[in-house]
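Here is what each chain is made of, one letter per residue.
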Amino acid sequence: MAAAIRNYFAVTILVALSPFHANGALPNYIPNLRSGNGDREALIKDYFCLGFSYWEVLSFLLVYHGIRLSLRHLKRILRSRGLRRRNIHSSIERVVDAVEQELQWSGSTIGYRQMHQRLLRDHGLVIDRETVRRVIKGLDPEGVEMRTKRRFRRRRYAAPGPNFIWHLDGYDKLKPYGFCIHGAIDGYSRRILWLEVGPTNNDPMITAQYFIDCVKQLCGLPRVVRGDCGTENIYIAAVQRFMRRNGGDNMAGDKSFLYGKSVTNQRIEAWWSFLRKSNTDWWMRFFKDLSDLGHFDNSNIIHVECLRFCFMGLIREELYKVAENWNLHKIRPCNAETPPGRPDTLFFLPGEAGATDYKKDTDESDLEVAENLCGERCHPLGCSPAFVSLAELIMEDKNLYLPQDPNEATSLYLDLLHHIKNL
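All of these numbers come straight from a predicted model, not from anything done at the bench.

**Q** How would you explain the overall build of the chain if you had to name every residue and give the values?
**A** For the chain, the count of helices and strands is 17 helices and five strands. In the chain, buried positions account for 50% of the 423 residues. Sequence-distant contacts, at least 24 apart, represent 70% of the contacts inside the chain between residues at least 6 apart. Carbon and sulfur atoms form 51% of the exposed surface of the chain, whose accessible area is close to 21200 Å².

**Q** Which residues make up helix α8 (residues 129-139), and what values do they have?
**A** Residues spaced three or four apart along an α-helix point in a common direction, a consequence of the helix completing one turn every 3.6 residues. Among the residues making up α8, those that are buried are V132, V135 and I136. End-on, the buried residues of α8 take up no more than an arc of 95 degrees, which puts them together on one face. Pointing more than 90 degrees away from the buried face of α8 are the exposed residues R134, K137 and G138. Those residues of α8 hidden inside the fold are in contact with α6 (92-103), α7 (112-121) and α9 (141-148). Its side-chain oxygen placed 3.2 Å from the backbone nitrogen of E130, D128 serves as the N-cap of α8.

**Q** So what about the nonpolar core? Which residues, and what values?
**A** For soluble globular proteins, nonpolar side chains are generally found buried alongside one another. In this structure, F179, W271, F287, F309 and F311 are the most contacted members of the largest nonpolar core, which totals 48 residues. Looking at this core, the elements with two or more residues in it are β2 (180-186), β3 (192-198), α12 (266-292), α13 (301-328), α16 (385-398) and α17 (406-421). In terms of residues, this core owes the most to one element, α13, which gives 13 residues. Excluding residues that lie within four positions of it along the chain, F287 makes contacts with L174, Y177, F179, L307, F311 and I315.

**Q** Got a sec to walk through the pairing of β2? Specific residues and values, please.
**A** Most of β2 sits out of view: seven of its seven residues are buried. Along β2, one buried face is formed by C180, H182, A184 and D186 and the opposite face, lined by I181, G183 and I185, is buried too. In this sheet, β3 lies alongside β2 in antiparallel orientation, the contact comprising six bridges. Bridge assignment links H182 to a residue of β3, and that residue is E196.

**Q** Now, about the pattern of salt bridges: what can you tell me, with residues and values included?
**A** Oppositely charged side chains can pair when the atoms bearing their charge come close. Using the criterion set out here, one finds 16 salt bridges in the structure. R342 serves as the salt-bridge partner of E56, at 2.9 Å between the closest nitrogen and oxygen. In this pair, E56 is assigned in helix α4 (residues 54-65) and R342 in the loop between α13 and α14 (343-348), connecting sequence segments 286 residues apart. In this pair, the class of E56 matches that of R342, namely buried. One salt bridge connects K398 with D397, and the closest N-O pair in it is separated by 3.7 Å. Under the relative-accessibility criterion, D397 is labelled exposed at 58%. Salt bridges here are not isolated pairs; linked through shared partners, they connect E130, R133 and R134.

Rules of the game
- Residues numbered from 1 in each chain as written.
- Predicted model: local features only at pLDDT ≥ 70, side-chain atom pairs only at ≥ 80, totals over all residues.
- Heavy atoms only, no water.
- Helix = DSSP H or I, 4+ residues; strand = E, 2+ residues; numbered from the N terminus.
- Buried < 20%, exposed > 50% of the residue type's maximum accessible area, 1.4 Å probe, protein only.
- Contact = heavy atoms within 4.5 Å.
- Areas by Shrake-Rupley, 256 points an atom, 1.4 Å probe, with all protein chains shown as cover.
- Arc of directions from axis to C-beta.
- Polar contact = N/O pair within 3.5 Å; in protein donor to acceptor, adjacent residues only side chain to side chain.
- Core = buried A, V, L, I, M, F, W, Y, C linked by side-chain atoms within 4.5 Å.
- Pairing = 2+ DSSP bridges.
- Salt bridge = Lys/Arg side-chain N within 4 Å of Asp/Glu carboxyl O.

This is the structure:
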């Protein structure tokens, strides 16, 4: 009861201190949340199905949608729509089928906590973690044993609030196959701000587009951005410093972007190890097998373009899911400097943890200047326009379709190479 009362007053104080955002910087994976104009019960269902607690749901509704509900009213709405988490579980057969499906590709590299999130959000199942753990141990004992041995101690890190500092970096483990990943993370909340894949992460115009898109979505800038000493960051540094040139704090202007070594950019560098274990390790082995079978040669531009055309969309969707699941998972307490909780909750509702949001306002004209700096965007599949036109002509002529999974992508890749060779 005491905890409930504290939470009630925390929410009330949070609302009093926070402005109402009709079209605020909410996660973009639910249409209703982006618009802010969705039906109230639909919004409640969306938040509930993402795994947020009752108090988190009430806070988001209050701060970002101007909807004030009591806990009792919220529970009554959930009960009327049949939304419950306790005593209602999906059948074990459905759970086993879903786990087996995930184990067919990158799901074979993740633990039971991440698998539990995937089952909840990607498969719509209701199941407890312990059951998921037992199912995985029965279906993939070798994977469980391998993950158990990969334990390491993390260094301590602290930031006073969301948007105090963003860390950004490129990830090159899939670069030999033509897929270059770039990401950014908020230092305080550990929320993944963007996780994108493209033909390169060394082109400063492309990485600047990722940064500008994120700033537009969040309707604000961080106090400081930190990146490596590489040419890929020169436009991001220029945009950040340009838009923070008139800031009144001690980190405005040139000080708002910090260059440093990779080892000091620890927040994003540490997260790359999570990405490898949860996703890219599977893709690395998949493409290595394709290369060992003689089907891929990274010195052959046709092979690289064709691989991108067939697999870029799949990898991008997987990365979005990895980022979404990370942003919604619960981080356990580890030390006094790092707050526990969900990254999305810590980022969007910092008042609940007693933190301050350091987001700086943006100017529309400044954003327009920055966007003009970046020029035209490359094709979503990362291929040259000439290759895209050729591949689409072949697909139309041979009645081929874009793939939905790695097996279909492999078949399309081999078919396109065969038809191109015979032109």
